[in-house]
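Survey of secondary and tertiary structure
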Amino acid sequence: MNPLTYDDIRGLKADGELGKFIKFHMAEAQRVAAHRRGLVLRYPDLAARLAHPPIGFSSPEKWNGYIPPATDCMGAMNTARCRPALLALVAEAERRLAQPRETAETLEEAA
């Protein structure tokens, strides 16, 4: 996806579409965050990591699924220590979800 330019914004505003554009993208961001949250919270060991450094929520349920962006609005790299930890948690939850059920059961029996 190409970055939004000032000309794009002016065009959306002129067409009366800026509000719809913002609402659509906000709803999409909330949907994706809710999906990530549910995915991580379904695994108690992963959810527990949300309450430890470098993430550090007071309880796992406090996380709304938001992951800070890779860069700020000026393009500077985001150096928040929680970002890579959150990305790793979501990636692990996705990996587990994609794992075939019988393999997961075999791993649990072996543990």
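What this report covers is the structure whose coordinates are included nearby. Model, not experiment: these values are computed from the prediction. (Residues numbered from 1 in each chain as written. Predicted model: local features only at pLDDT ≥ 70, side-chain atom pairs only at ≥ 80, totals over all residues. Heavy atoms only, no water.)

1. What to know about the overall build of the protein
The helix and strand tally for the protein stands at five helices and zero strands. Element order for the protein, N to C, with α for helix and β for strand: α-α-α-α-α. Its C-alpha atoms give the protein a radius of gyration of 18 Å, clearly above 13 Å, the size a compact globule of 111 residues would have. Viewed in the frame of its principal axes, the protein has a C-alpha envelope of about 60 × 30 × 25 Å. Of all 111 residues assigned to the protein, the portion counted as buried reaches 24%. Of the accessible surface of the protein, which amounts to about 8,300 Å², a share of 59% is contributed by carbon and sulfur atoms. A gap of 6 Å separates the mean positions of the 15 positive and 14 negative side-chain charges of the protein. (Helix = DSSP H or I, 4+ residues; strand = E, 2+ residues; numbered from the N terminus. Rg over C-alpha atoms; globule rule 2.2 N^0.38 Å. Buried < 20%, exposed > 50% of the residue type's maximum accessible area, 1.4 Å probe, protein only. Areas by Shrake-Rupley, 256 points an atom, 1.4 Å probe, with all protein chains shown as cover. Lys, Arg positive; Asp, Glu negative; His and termini not counted. Charge placed at Lys NZ, Arg CZ, Asp CG, Glu CD.)

2. A closer look at helix H4 (residues 82-98)
Compared with an ideal rise of 1.5 Å per residue, which puts 17 residues at 24 Å, H4 spans 24 Å between its outermost C-alpha atoms and is within 8% of the ideal. Where H4 is concerned, the buried positions are Cys82, Arg83, Ala85, Leu86, Leu89, Val90, Glu92, Ala93 and Arg96. The elements touched by buried residues of H4 are helix H2 (18-41) and helix H3 (44-49). (Expected span 1.5 Å × (residues − 1). Contact = heavy atoms within 4.5 Å.)

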